[in-house]
2 protein chains.
Amino acid sequence: MDEKNKSRQATLPPSLNERPTLKTIAFMTGLGITTVSRALKDASDIGAETKERVRLVAKQVGYQPNRAGVRLRTGKTNVISLVLSLEEEVMGLTSPIVVGISEILASTGYHLVITPYRFSKDALAPVRYVLDTGAADGVIISRTEPNDPRVALMMERNFPFATHGRTEMGLAHPYHDFDNEGFAYEAVRRLAELRRRRIVLLQPPQHLTFHRHMRKGFDRAVRDFGIEAVPFNSVDIDNSLVEIRAAFETLMSAPDAPDGIVSGSGAGSIAVIAGLEAVGKRLKHDVDMVSKVPSDFLSWLRPEVITMNEDIRHAGRELAKAVIARIAGTPAEELQSLSKAV
Amino acid sequence: MDEKNKSRQATLPPSLNERPTLKTIAFMTGLGITTVSRALKDASDIGAETKERVRLVAKQVGYQPNRAGVRLRTGKTNVISLVLSLEEEVMGLTSPIVVGISEILASTGYHLVITPYRFSKDALAPVRYVLDTGAADGVIISRTEPNDPRVALMMERNFPFATHGRTEMGLAHPYHDFDNEGFAYEAVRRLAELRRRRIVLLQPPQHLTFHRHMRKGFDRAVRDFGIEAVPFNSVDIDNSLVEIRAAFETLMSAPDAPDGIVSGSGAGSIAVIAGLEAVGKRLKHDVDMVSKVPSDFLSWLRPEVITMNEDIRHAGRELAKAVIARIAGTPAEELQSLSKAV
DNA sequence: CAAGGCTACTGTATCGTTACAGATTTTGCA
DNA sequence: TGCAAAATCTGTAACGATACAGTAGCCTTG
């Protein structure tokens, strides 16, 4: 039959009320598919008037590039993957970070994909998955360690990513971090100002980088203000609330109990308060407390606690901006930011 | 040159340490690409021994189907989209639902994509986007309304979805919902048991379906237990904490203030407590309160409040299971579930 | 006015997969 | 033995996009 009479690529009228493709626009404008493709990306070898016409028709029919097509041909996924531990689900830091990232991605072509992992020891698996399958153009990770194998892997493969938290590997990569050192220093300073003399720190787990930062700020302030740091390693902010409460019940009922507490986590603070109140101590009277918090719920219910807010949503925004810029080629050194308590 | 001597599809040895494709396996096994493809999907026209061989090699080389290829050819995205309001970010219900969904999707081939929208009036936009671009195989939405245009649209297009919350459109669709009627009824019952007689309800906004459920349970209990329901419509759980506190300050300082409170939201309860305490009332003495909560933080800080837990993570799991089953063809009627406070 | 260069456009091949329509060999049975 | 049916396997085309290598026409320029 009449199958060979094509001088154009696009000969058959693409049926309406199907999703428009380049072919649709090519047919409507009488141009070649290639021309339409290049016109839409504003290539230099397409006439100005043609571009205008193509853009108009594209808009008219509501053209949106088929992501699978682009991805297959170019390898670009237009996806940012947020790697999440299903366990760090204590007091939901996830919400605000997801919201922050979404806010930024909304005005770009990127989609946000959640890539979960179940146990801390599997933290590398999701990253490997993304790298091996090319599931995303960039990755955001959290719970960063000083010597983080995920960072090493992605750097080695030259894969764009940003970390919530810093590393200590001598490698420059995009990150956003809260100034935990500043937080701890300031926290101790405030307690010192309130004439507290024996201060304890509920700190992050040892293996996370920000443990060091917080510790550093705490220790420095302790020296600067002549405070006695109460040794305390039985629990950290990753322990369950029940464990934290138990530990603080013990600690606070000892004869040499601390009179000041710095808590590195809002959720942890709840358990701390429960613990100290269980042994009859009262905030502001027997003990003062400064807590880092992700939202202001604690100050509503226990205004006696001094809170310093870590804006996780802002962190999400910064991280999203950083990965995208990294993908676009911005040097990692320019994509590192720190934020203070607000 | 020697370019036409192919009796096989796969002639050129696919370079190693590139991502393996069907071609790689075809080359290694000496089979055709089609055969490999069909062998891996256990098609009936492939020999048992061949299938075994193909599976072995596939596993050996770590073959994972290229999603873009599959998606382009079949239209199947292997993506579930969670449609999220960037505003419902009060007290993060997002975290647990994301975690719950992820838990289920982890053992399937599905990825989770977050599709956000900014303002309530744009709620339809993300759904339309997914439908128009084929961005996902299924959608999960929340903040369901009795007559929900999103539901209408997806039903009309016969697109798989599940809703967090029910509708009242006479259409059967998959949903998971918390038994808000049961919650409110039980809440009032408990307050009645504590000899409270004038009870107020901090309810969801009128336009959401579960407003009706909660209201219904509340009103029925009020009748059953001979309680006086205190009229209160100045704020709902979608108002800011500051607004809620202000409203409750006013309410609780009135001469005929309620002596019992039912709160439909954990975050809202915080503001309620702040409000009543600001005017000198005390929980358990002047007033009792029952609150629906998504986590147990409230009972740690205000054990005087009676809490009833809504397991959002479980809801996420149920919703994920429901969409997937719907995609697989299970009738909507079999994918509807309700859960009670735990 | 020929040669070269520029502008504007286009066809072909390809990414990885699967639907479809064969093709080849083996088996079953009269 | 002959031949249809069954059992296996395979090539081609297509999904939608883009990289690449053109082509055609027109304008300079010496």
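In this numbering scheme, every chain counts its residues from 1 along its sequence in written order. All chains are assigned letters beginning with A, and all ligands numbers beginning with 1, in the order in which they are written. Confidence filtering applies because this is a predicted model: local features only for residues at pLDDT of at least 70, side-chain atom pairs given and counted only at 80 or more, and all residues used for totals across whole chains, interfaces and linings. Where side-chain values are given, they derive from all heavy atoms of the structure, hydrogens and water being excluded.

Considering the overall build of chain A
Convention followed: A run of H or I in DSSP counts as a helix once it spans at least four residues, and a run of E counts as a strand once it spans at least two, with each numbered from the N terminus. Computation of the radius of gyration draws on C-alpha atoms, with the globule rule given as 2.2 Å multiplied by the number of residues to the power 0.38. A simple rule labels every residue: compare its accessible area, found with a 1.4 Å probe on the protein chains alone, to the largest value its type can have, and call it buried under 20%, exposed over 50%, or partly exposed in between. We get accessible surface area from the Shrake-Rupley algorithm with a probe of 1.4 Å; when it comes to residues, only the shown protein chains can shield them. Here the positive residues are Lys and Arg and the negative ones are Asp and Glu; neither His nor the chain ends is included. One atom stands in for each charge, and that atom is NZ of Lys, CZ of Arg, CG of Asp or CD of Glu.
In terms of helices and strands, chain A carries 13 helices and 11 strands. The C-alpha atoms of chain A give 27 Å as radius of gyration, which overshoots the globular expectation for 342 residues (20 Å, by more than 25%). Referenced to the eigenvectors of the C-alpha coordinate spread, the extents of chain A come out at roughly 100 × 40 × 35 Å. In chain A, buried positions account for 52% of the 342 residues. Carbon and sulfur atoms make up 50% of the accessible area of chain A, which totals about 15,800 Å². Put simply, chain A has 44 plus and 42 minus side-chain charges, and the middle of one group is 6 Å from the middle of the other.

Overview of the packing of aromatic side chains
Residue and element names in this part refer to chain A. Under the convention used in this document: Pairing of aromatic side chains requires ring centres within 6.5 Å, counting the rings of Phe and Tyr and the six-membered ring of Trp. Pairs whose planes differ by under 30 degrees are stacked, by over 60 edge-to-face, and all others tilted.
Summed over all chains, the structure comprises 7 aromatic pairs over all chains. Here Phe178 and Phe183 contribute two aromatic rings whose centre-to-centre distance is 6.4 Å and whose plane-to-plane angle is 50 degrees, an arrangement assigned as tilted. Both residues of the pair, Phe178 and Phe183, belong to the buried class. The interplanar angle of 55 degrees and the centroid separation of 5.4 Å between the aromatic rings of Tyr185 and Phe225 together place this pair among those described as tilted. Taken together, the residues Tyr185 in helix H8 (residues 180-193) and Phe225 in the loop between helix H9 (209-224) and strand S7 (228-230) connect sequence positions 40 residues apart. On the basis of relative accessibility, which here comes to 28%, the residue Phe225 falls in the partly exposed class.

Some remarks on H9 of chain A
Residues and elements named next belong to chain A. Stated formally: Each residue after the first adds 1.5 Å to the expected span of a helix. Only heavy atoms matter for contacts: two residues are in contact if any of them lie within 4.5 Å across the pair.
Taking 1.5 Å per residue as the helical rise, H9 with its 16 residues ought to reach 22 Å, and the 23 Å between its terminal C-alpha atoms agrees with that figure. Within H9 the residues assigned to the buried category are Thr209, His211, His213, Met214, Gly217, Phe218, Ala221 and Val222. Those residues of H9 that are buried lie in contact with strand S5 (175-178), H8, strand S6 (198-202), S7, strand S8 (260-263) and strand S9 (288-293). Just downstream of H9 lies Gly226, where phi reads positive at about 65 degrees.

Examining helix H11 (residues 266-278) of chain A
The test is simple: The definition of a polar contact used here is a pair of N or O atoms within 3.5 Å, where within protein one atom must be able to donate a hydrogen and the other to accept one, and adjacent residues in sequence count solely through side-chain atom pairs.
Compared with the 18 Å implied by 1.5 Å per residue over 13 residues, the 19 Å span of H11 of chain A between its first and last C-alpha is a close match. The buried fraction of H11 of chain A amounts to 11 of the 13 residues, a majority that puts the element mostly inside the structure. Regarding H11 of chain A, the residues found buried are Gly266, Ala267, Gly268, Ser269, Ile270, Ala271, Val272, Ile273, Ala274, Gly275 and Leu276 of chain A. Those residues of H11 of chain A that are buried lie in contact with S6, helix H10 (241-253), S8, S9 and helix H12 (297-301) of chain A together with helix H12 (297-301) of chain B. Residue Ser265 of chain A occupies the N-cap position of H11 of chain A, its side-chain oxygen lying 3.4 Å from the main-chain nitrogen of Ala267 of chain A.

A short note on the interface of chain B and chain A
This is how the line gets drawn: Buried area is a sum: the accessible area each of two parts loses on coming together, probed at 1.4 Å, counted once for each and added. Throughout this description, the term salt bridge denotes a Lys or Arg side-chain nitrogen within 4 Å of a carboxyl oxygen of Asp or Glu. Any residue that is not Ala, Val, Leu, Ile, Met, Phe, Trp, Tyr, Cys, Pro, Asp, Glu, Lys or Arg is counted as polar, Gly included; the first ten are nonpolar and the last four charged. By definition, two strands form a pair when at least two bridges between them are found by DSSP.
Listed as interface residues are 45 residues of chain B and, on the opposing side, 45 residues of chain A. Between chain B and chain A, the buried area comes to about 3,900 Å², and carbon and sulfur atoms account for 69% of it. Three residues stand out in chain B for area buried against chain A, namely Leu86, Trp300 and Leu301 of chain B, and they jointly supply 18% of the buried area on that side. Applying the counting rule to chain B against chain A returns 0 salt bridges. Our enumeration of links across chain B and chain A arrives at 11 residue pairs in polar contact (both at pLDDT 80 or more). Top element by residues in the side of chain B that touches chain A is helix H5 (residues 94-105) of chain B. It accounts for 7 residues. The residue makeup of the side of chain B that touches chain A, split by class, is 26 nonpolar, 9 polar and 10 charged. Summarising the sheet, strand S2 (residues 111-117) of chain A and strand S2 (residues 111-117) of chain B pair through 3 bridges and their orientation is antiparallel. Looking at the pairing, Leu112 of chain A lines up with Ile114 of chain B of S2 of chain B.

Regarding the sheet that holds strand S6 (residues 198-202) of chain B
Residues and elements named next belong to chain B. Filter applied, for reference: The convention used is that axes are lines fitted to C-alpha atoms, helices contributing only their stretch in contact, and that angles between N-to-C directions extend from 0 to 180 degrees.
Across the sheet, which stays open at both edges, the 5 strands sit in the order S7-S6-S8-S9-S10 with parallel pairing between neighbours. Here the strands that pair on one side only, and so sit at the sheet edges, are strand S7 (228-230) and strand S10 (306-309). The average angle at which neighbouring strand axes cross in this sheet is 20 degrees, direction not considered. The sheet contact formed by strand S8 (residues 260-263) and strand S9 (residues 288-293) spans 4 bridges and is parallel. When the sheet's bridge partners are listed, Ile261 is paired in S9 with Met289. Relative to the sheet, helix H8 (residues 180-193) contacts S6, S8, S9 and S10, its axis offset from that of S9 by approximately 160 degrees.

Considering unusual backbone geometry
Within the chain, Asn78 of chain A stands out as a residue other than glycine whose phi angle is a positive 60 degrees. Take Asn78 of chain A: it is sitting in the loop between helix H4 (67-74) and strand S1 (79-85).

A few points about the packing of helix H6 (residues 124-133) of chain A against helix H7 (residues 149-156) of chain A
Residue and element names in this part refer to chain A. Selection criterion: Between 65 and 115 degrees an angle is taken as roughly perpendicular, under 35 as roughly parallel, over 145 as roughly antiparallel, and anywhere else as oblique. For a crossing to be left-handed, the near helix must be turned anticlockwise from the far one by less than a right angle; the clockwise case is right-handed.
With their axes 9 Å apart at the nearest point, H6 and H7 run at an angle of 15 degrees to one another. Taken together, the axis directions place H6 and H7 in an arrangement best described as roughly parallel. The two elements H6 and H7 cross, and the hand of that crossing is right-handed. Facing Leu124, Val127, Arg128 and Leu131 of H6, the residues of H7 in contact are Pro149, Arg150, Leu153 and Met154. Per-class residue counts for the contact of H6 with H7 are 6 nonpolar, no polar and 2 charged.

Some points on the relation of the copies chain B and chain A
Definition in use: Copies are brought into register by a least-squares superposition over C-alpha atoms of residues with pLDDT of at least 70 in both.
Rotating chain B by 180 degrees about the axis while translating it 0.0 Å along that axis superimposes it on chain A, leaving an RMSD of 0.1 Å. The superposition operator between the copies reduces to a two-fold rotation axis. By residue overlap, the copies meet face to face through one surface: 100% of the interface positions of chain B are interface positions in chain A.

A look at the sheet that holds S9 of chain A
Residues and elements named next belong to chain A. With respect to topology, 5 strands assemble into an open sheet ordered S7-S6-S8-S9-S10, the strand pairing being parallel. The open sheet is flanked by S7 and strand S10 (306-309), the only strands paired with a single partner. Across this sheet, the average inter-strand angle for adjacent strands is 20 degrees, counted without regard to direction. For S6 and S7, the ladder comprises 3 bridges, and the chain directions are parallel. When the bridges of S7 are listed, Val200 appears paired with Val230.

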